[in-house]
Amino acid sequence: MGFARTCSVALVGVEGVVVEVQADLEPGVAAFTLVGLPDKSLTESRDRVRAAVVNSGATWPQKKLTVGLSPASVPKSGSGFDLAVAAAVLGAAERIDPRVLADIVMIGEVGLDGRVRPVRGILPAVLAAADAGYEQVVVPESAAAEASLVPGVSVLGVRSLRQLIAVLADEPVPDEEPDEAGRPDPLLAGLRVPGTGAATGMHSVGAAQLDHDLADVVGQTSARTAVEVAAAGGHHLFLEGPPGAGKTMLAERLPAILPPLNRQESLEVTAVHSVAGLLPAGNPLIDVAPYCAPHHSATMQALVGGGPGIARPGAVSLSHRGVLFLDETPEFSSRALDALRQPLEAGHVVIARSAGVVRFPARFLMVLAANPCPCGRFSPTDDLCECPPSAIRRYQARLSGPLLDRVDLRVEVDRVTRAQLTERGVRGESTATVAGRVREARERAVARLAGTPWRTNSEVPGRELRSRWHAVSGAMDEAERNLERGVLTARGIDRVLRVAWTVADLVGHDRPDATDVALALQLRTGVPRGVPMAIGALT
């Protein structure tokens, strides 16, 4: 009788559980039994592993073989257990020393020819292995760079099962034939999910890839200020205006003025995109703010995550630490929009399924864009709109009050005039200039919030702002009067105070004064307060 064990990782969302893969050989009729709550794709690993072992030059044991995945109570899915199952079987057959396998975590799918293919979720799987105390990990060669992002773990990348056997048996490592130059590597197919490419808007786009400059936006002083304040404090933004005014242009330029992600944030974002199969080729670490712009026909599952079987991350998680842009927001289903309430407040989304509860991170900056009416030409200053008042009311009512109450900044984007469009030589501030101010404001906020779990003003609870960080005496008087008149809710006045702190950080004030609060109120309510809208005019 032979016995061997090694380890792999079962992923539940972006969290991993180390699974011990045990192989036992007993005399009897040759059979292969796999136990431990495997799903269909994992059950099929019996055929894949058998063919891979034989085609790699090893002998398949002609005995009763039982492979157990422990703990048996944790559901296992996917083909990432193939490599561990193959190694455990070879250890039980004494082709590999079983003592060598015991403390190694193996992740990867094997093909019928013995080649090792990458799977999604390598980074969160290796993170789980490191948290459990394992120091050696074997992964597919094409995913070794992603696994190496985890500090303190020795990563071995293999291209085939033959190479793994040679390494573990201390034999000469065979060379694998390289693929033809210019042809795509078929082993990378496991890293992508069909139907989630660039055309869907459900992907990560870094600021450097957009190649857009804020100076390209014509006019829109108020909207540009709102974008800058949103980036500096992580505040949600609602842009309302006619078609062609520049709402989408402003949203597309927002990621470029956000500060680069720190190491911890990069690992969080990369882990989500790894599970979703959306990591950029050749760049395993995402270090810039992601940008996600789903189509208005997206379902609730596409926005917050879910789907059949094991839940998958949605747009709110793919835009974690970045920007979620919902263009034509009233055209989204009300059910999908109202599902955003929980992640907007909590910074994560919890999806309950019969197979288990999954938790995905979802701390994003939301940008909503909408036309004022179905035709898009409604304005208090002219009569171009032909929509009846009832149609305008119905269209604007598609955005619920509780959702809008969670948006810090609401700005009307004006129609661009002919004079603004044809004027030469006058451009707004560039992305580099605004990004510099945003970076300095973030640094002031981080220094003030040192020793707390928060890094941006939008994350600080209202009770903490009111008790620990006070505005200048009398600065909040106008905001409190708006609360008494019902213009602001209790949540709304807290959000005005957060925005006022962000304005103060941008202009270099130690504490928000009456001007900072007045600008925050104007950005919140849209009612003019007699203050300059350009940040540069306040410094």
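Our subject is the structure that appears above.
Here goes a summary of the coordinates provided.

Cut-off values and rules
- Each chain has its residues counted from 1, following the order in which its sequence is written.
- Only residues with pLDDT of at least 70 get local features here, since the model is predicted, and only at 80 or more are side-chain atom pairs given and counted; chain-wide, interface and lining totals rely on the full set of residues.
- Side-chain calculation: all heavy atoms of the structure are included, whereas hydrogens and water are not.
- Segments assigned H or I by DSSP are reported as helices when at least four residues long, segments assigned E as strands when at least two residues long, and all are numbered from the N terminus.
- By the convention used here, residues are in contact when the closest approach between their heavy atoms is within 4.5 Å.
- Computed with a 1.4 Å probe, the accessible areas rest on the Shrake-Rupley method; for each residue, only the protein chains presented here act as cover.
- Working convention for charge: Lys and Arg count positive, Asp and Glu count negative, and His plus the chain ends are omitted.
- Charged groups are reduced to one reference atom each: NZ for lysine, CZ for arginine, CG for aspartic acid, CD for glutamic acid.
- Note on classification: 1.4 Å probe, protein chains only; a residue is buried when its accessible area is under 20% of the maximum for its type, exposed when over 50%, partly exposed between these limits.
- Polar contact is the term for a pair of N or O atoms within 3.5 Å; when the atoms are in protein, one must be able to donate a hydrogen and the other to accept it, and sequence-neighboring residues count only if both atoms are side-chain atoms.
- The pairing test for Phe, Tyr and Trp rings, Trp by its six-membered ring, is centres within 6.5 Å, and the orientation test on the planes gives stacked under 30 degrees, edge-to-face over 60, and tilted for anything in between.
- Multiplying one less than the number of residues by 1.5 Å gives the expected span of a helix.
- If DSSP finds at least two bridges between two strands, the strands pair.
- By definition, a salt bridge exists where a carboxyl oxygen of Asp or Glu is found within 4 Å of a side-chain nitrogen of Lys or Arg.

Here the focus is the overall build of the protein chain. The helix and strand tally for the protein chain stands at 24 helices and 16 strands. The long-range share in the protein chain, meaning contacts at least 24 apart out of those at least 6 apart in sequence, stands at 71%. With an accessible surface of roughly 23600 Å², the protein chain has 51% of that area assigned to carbon and sulfur atoms. Both charge centroids of the protein chain, one from 55 positive and one from 61 negative side chains, sit 5 Å from each other.

The next subject is the environment of Gly508. Residue placement: Gly508 occurs in the loop between helix H22 (490–507) and helix H23 (514–525). Gly508 gets classed as partly exposed once you look at its relative accessible area, which sits at 37%. For the pair Gly508 and Phe360, spaced 148 residues apart in sequence, the C-alpha to C-alpha distance is 36 Å.

With respect to the helices, strands and loops of the structure, His235 is situated in the loop between helix H9 (221–233) and strand E10 (237–240). Taking the relative accessible area as the measure of exposure, His235 reaches 0% and is therefore buried. Reaching out from His235, the side chain makes a polar contact with the side chain of Thr502 at a distance of 2.6 Å. Ignoring anything within four residues of it in the chain, the contact list for His235 reads Val229, Ala230, Leu365, Asp408, Leu409, Asn457, Ser458, Arg498, Val499 and Thr502.

Evaluated as defined, the whole model comprises one aromatic pair. Aromatic side chains Phe32 and Trp60 sit 5.6 Å apart centroid to centroid with 45 degrees between the ring planes, which places their arrangement in the tilted category. With Phe32 in strand E3 (residues 31–35) and Trp60 in the loop between helix H2 (45–55) and strand E4 (64–70), the pair connects residues that are 28 residues apart, well separated along the chain. On the accessibility criterion, Phe32 (9% relative accessible area) is buried.

Quick look at H23 now. For H23, built from twelve residues, the straight-helix expectation of 16 Å at 1.5 Å per residue is met to within 8% by its first-to-last C-alpha distance of 16 Å. Burial runs high along H23: nine of the twelve residues are buried. Listed as buried for H23 are Asp516, Val517, Ala518, Leu519, Ala520, Leu521, Gln522, Leu523 and Arg524. One side-chain oxygen of the residue at the start of H23 lies 3.1 Å from the amide nitrogen of Thr515, identifying that residue as Asp513. Phi turns positive one or two residues past the end of H23, at Gly526, with a value near 80 degrees.

To continue, consider the sheet that holds strand E16 (residues 409–412). Strand order in the open sheet formed by five strands is E11-E12-E15-E10-E16, and the pairing between neighbours is parallel. Of all strands in the sheet, those bounded by a partner on one side alone are strand E11 (291–292) and E16. For E10 and E16, the ladder comprises four bridges, and the chain directions are parallel. Residue pairing in the sheet places Leu237 in a bridge with Leu409 of E16.

Using the criterion set out here, one finds 27 salt bridges in the structure. Linking Arg406 and Glu345 is a salt bridge whose minimum nitrogen-to-oxygen distance equals 3.5 Å. Taken as a pair, Arg406 in the loop between helix H17 (401–405) and E16 and Glu345 in helix H15 (residues 341–346) lie far apart in primary sequence, 61 residues in all. With a relative accessible area of 11%, Arg406 lands in the buried category. Salt bridges sharing partners connect three or more residues here, namely Glu345, Asp405, Arg406, Asp408, Arg491, Arg495 and Arg524.

Read these as spatial facts, not as claims about activity.
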